[in-house]
Amino acid sequence: RSSFGDERVFIEKYIEEPRHIEIQVLGDGHGTMLHLGERECSIQRRHQKVIEEAPSPFLDAKTRASMGAEAVALAKAVGYRSAGTVEFIVDRKRNFYFLEMNTRLQVEHPVTECVTGLDLVEWMIRVAAGETLPWKQSEIPLEGHTIEARVYAEDPARGFLPSIGRLVRYAEPLGEGVRVDSGVYEGAEISMHYDPMIAKVIAAAPTREAARERLVEALDAFHIRGVRHNVGFLSALLERRRFAEGRLSTDFIAEEFPAGFAAISLPAEATASLIAVAAVIAHRAAQSEAQVGPSAHVNDGAADWMVLFDDRAHAVRVTADAQGCCVAAGDKAHEVRSSWRPGQALFRGTVDGRPVTIQVDRDGIGYILTYRGIAMPVRVLPPRAAALLAAMPPKPEAGLSRSLLAPMPGLLISVMVREGQDVKAGEELAVVEAMKMENVLRAERDAKVAKIRARAGDSLAVDQIILEFA
């Protein structure tokens, strides 16, 4: 009463382990209203959906029918005509509560299209033209499982700050059961003025686990360069045991990554495969060079190499034959089969019969290999060269920056400090707006502001100095 002049309060029910599950409805102007099953949209960050799937791994047939009936009743009550979505919050006991209705086509509609076989855009147009829906509710098919991942231009390692720039390389994944919806192309510019979504990758399969594996493989083959992106984060989400088991909630990301996202480590088996592939890549490159000049290292299709990876040196011997390569590492050997040749961005093949897709980028005398969304620097050298490299003195680390730099291009909304002011670690210094989001820049340590180099209203380039510290 003292704060608002009114002692009345709203009390909201506390939902344990909440899930965000929505029902797709479709109605015509002739009295037919259908529901097309549900979509599980619980994997969210900042209330923004990241991964969606159909059907939900949580609902049973009884709950699905009840939610569908309620969604249809709501849409009929308002005389709705077209495709729309009725959203619910569902608790751990499958009690569901109305959240809102979106009277439009949603980003995640492809998962419903894949499990029903219906083109929602087509039927929205048909309904708008006055046509009648030709099915009964019992005739709507729900077959297989589909999962969609939203690929954003953002940097997960830096608090998901938006990333802006030109798509220097852009190649979408292909394959059975894989669909990509996008509006960009190689050479396109990711602007600060629009939503940072690059594409949606959708994988459909007979079972949820098969769809999950297919989506992970598709993300492995999604080649994006020029901007930071969240493909690694998406792979990490999909690889979590809790996701594979279907134990989802709207708190999933916060609970699985409480300290924020950092690139995960590969399991031992995947690391061994990566080392073998790295050796084959270097071996093929050396063979290619030998065709235009003498090579003392690669003889008769066999050579010894040192693979420098993850702060360790791995001695391997590569022997090539007509079918591929045998990579011997200690007492173990791996059979690597691939048609990869130097210059190709994707290494597609098998390691000991298991399919792998690895992105390959040159990095000085080494490579950056990207697998399961993790970009890993690798150097593969002849043993003598590796020994000489080990004898090189380490490069001293650069000192801490004495400047606050713009982490992305954007508009400087405000500067919260003045010249000569002492600031504490964590204190807010400035706000930069980019891609419809305001990003607060904070002091990394205690310092004194020496000079302010930019003013509110300025358009900033990436790494432009905003202010300097004494």
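Residues numbered from 1 in each chain as written. Predicted model: local features only at pLDDT ≥ 70, side-chain atom pairs only at ≥ 80, totals over all residues. Heavy atoms only, no water.

Caption draft 1: Molecular detail of the overall build of the protein chain. Tallying secondary structure elements over the protein chain gives nine helices and 30 strands in all. In the protein chain, which comprises 470 residues, the proportion classed as buried is 46%. Within the protein chain, contacts between residues separated by at least 24 positions form 60% of all contacts whose residues are at least 6 apart in sequence. Accessible surface, the protein chain as shown: approximately 24,100 Å² in total, 51% of it carbon and sulfur. Both charge centroids of the protein chain, one from 56 positive and one from 65 negative side chains, sit 3 Å from each other. (Helix = DSSP H or I, 4+ residues; strand = E, 2+ residues; numbered from the N terminus. Buried < 20%, exposed > 50% of the residue type's maximum accessible area, 1.4 Å probe, protein only. Contact = heavy atoms within 4.5 Å. Areas by Shrake-Rupley, 256 points an atom, 1.4 Å probe, with all protein chains shown as cover. Lys, Arg positive; Asp, Glu negative; His and termini not counted. Charge placed at Lys NZ, Arg CZ, Asp CG, Glu CD.)

Caption draft 2: Up close: helix H2 (residues 109-116). For H2, a buried count of seven out of eight residues is recorded, marking the element as mostly surrounded by other parts of the structure. The set of residues buried in H2 consists of His109, Pro110, Val111, Thr112, Glu113, Val115 and Thr116. A positive phi of about 80° marks Gly117, the residue just after H2.

Caption draft 3: Spatial organisation of the side chain of Glu52. Mapping Glu52 onto the fold places it in strand S3 (residues 48-54). Relative accessible area serves as the criterion here: at 0%, Glu52 is assigned to the buried category. Polar side-chain contacts of Glu52 include one of 2.7 Å to the side chain of Arg150. When residues no more than four places from it in sequence are discounted, the contact partners of Glu52 are Glu40, Cys41, Glu108, Val111, Thr146, Ile147, Glu148 and Arg150. (Polar contact = N/O pair within 3.5 Å; in protein donor to acceptor, adjacent residues only side chain to side chain.)

Caption draft 4: A look at the sheet that holds strand S6 (residues 145-152). Taken in spatial order, the eight strands of this open sheet run S5-S4-S1-S2-S3-S6-S13-S11, and their pairing is antiparallel. Of all strands in the sheet, those bounded by a partner on one side alone are strand S5 (96-102) and strand S11 (178-182). On average, adjacent strands in this sheet sit at an angle of 25° to one another, irrespective of strand direction. In this sheet, strand S13 (residues 197-205) lies alongside S6 in antiparallel orientation, the contact comprising eight bridges. Along S13, the bridge assignment pairs Ile147 with Ala203. Packing of helix H4 (residues 208-220) onto the sheet brings it into contact with S3, S6, S11 and S13, and relative to S13 it is tilted by some 140°. (Pairing = 2+ DSSP bridges. Axes fitted to C-alpha atoms, helices over the stretch in contact; angles between N-to-C directions.)

Caption draft 5: Seen up close, empty space enclosed by the protein. The tally for this structure, following the rule as stated, stands at one cavity of 30 Å³ or more. Space inside the largest cavity adds up to approximately 40 Å³. Forming the boundary of the largest cavity are Arg45, Gln48, Val50, Tyr152, Glu154, Asn230 and Phe233. Grouping the constituent residues of the lining of the largest cavity by class yields three nonpolar, two polar and two charged. (1 Å grid on protein atoms, 1.4 Å probe; cavity = no way out; pocket = protein on both sides within 12 Å on 5 of 7 lines; lining within 4 Å. Points joined across faces, edges and corners; volume = space filled by probe spheres on them. Nonpolar A, V, L, I, M, F, W, Y, C, P; charged D, E, K, R; others polar.)

Caption draft 6: Structural detail: the pattern of salt bridges. Counted under the stated rule, the structure contains 36 salt bridges. The shortest N-O distance in the salt bridge between Glu122 and Arg126 comes to 2.8 Å. Taken together, the residues Glu122 and Arg126, both in helix H3 (residues 120-128) and four residues apart, mark about one turn of the helix. Relative accessible area serves as the criterion here: at 30%, Arg126 is assigned to the partly exposed category. The salt bridge involving Arg166 is made with Glu189; its shortest N-O contact spans 3.1 Å. Linking Arg166 in strand S9 (residues 165-166) with Glu189 in strand S12 (residues 189-190), this pair joins segments that are 23 residues apart in sequence. Residue classification places Arg166 among the partly exposed residues on the basis of a relative accessible area of 47%. Judged by relative accessible area, Glu189 falls into the partly exposed class, the value being 46%. (Salt bridge = Lys/Arg side-chain N within 4 Å of Asp/Glu carboxyl O.)

Caption draft 7: Structural view of unusual backbone geometry. Across the junction of Ala54 and Pro55, the peptide omega takes the value -10°, indicating a cis bond. Along the chain, Pro55 falls in the loop between S3 and helix H1 (61-77). If you check the backbone angles, Phe160 has positive phi at about 65° while not being a glycine. Position of Phe160 among the secondary structure elements: in the loop between strand S7 (154-155) and strand S8 (161-162).

Caption draft 8: Molecular detail of the packing of aromatic side chains. Enumeration over the complete set of coordinates arrives at nine aromatic pairs. With 4.9 Å between their ring centres and 75° between their planes, Phe160 and Phe233 make a pair best called edge-to-face. With Phe160 in the loop between S7 and S8 and Phe233 in helix H5 (residues 231-239), this pair connects stretches of sequence that are 73 residues apart. The class of Phe160 is buried, set by a relative accessible area of 9%. (Phe/Tyr/Trp six-rings, centres within 6.5 Å; stacked < 30°, edge-to-face > 60°.)

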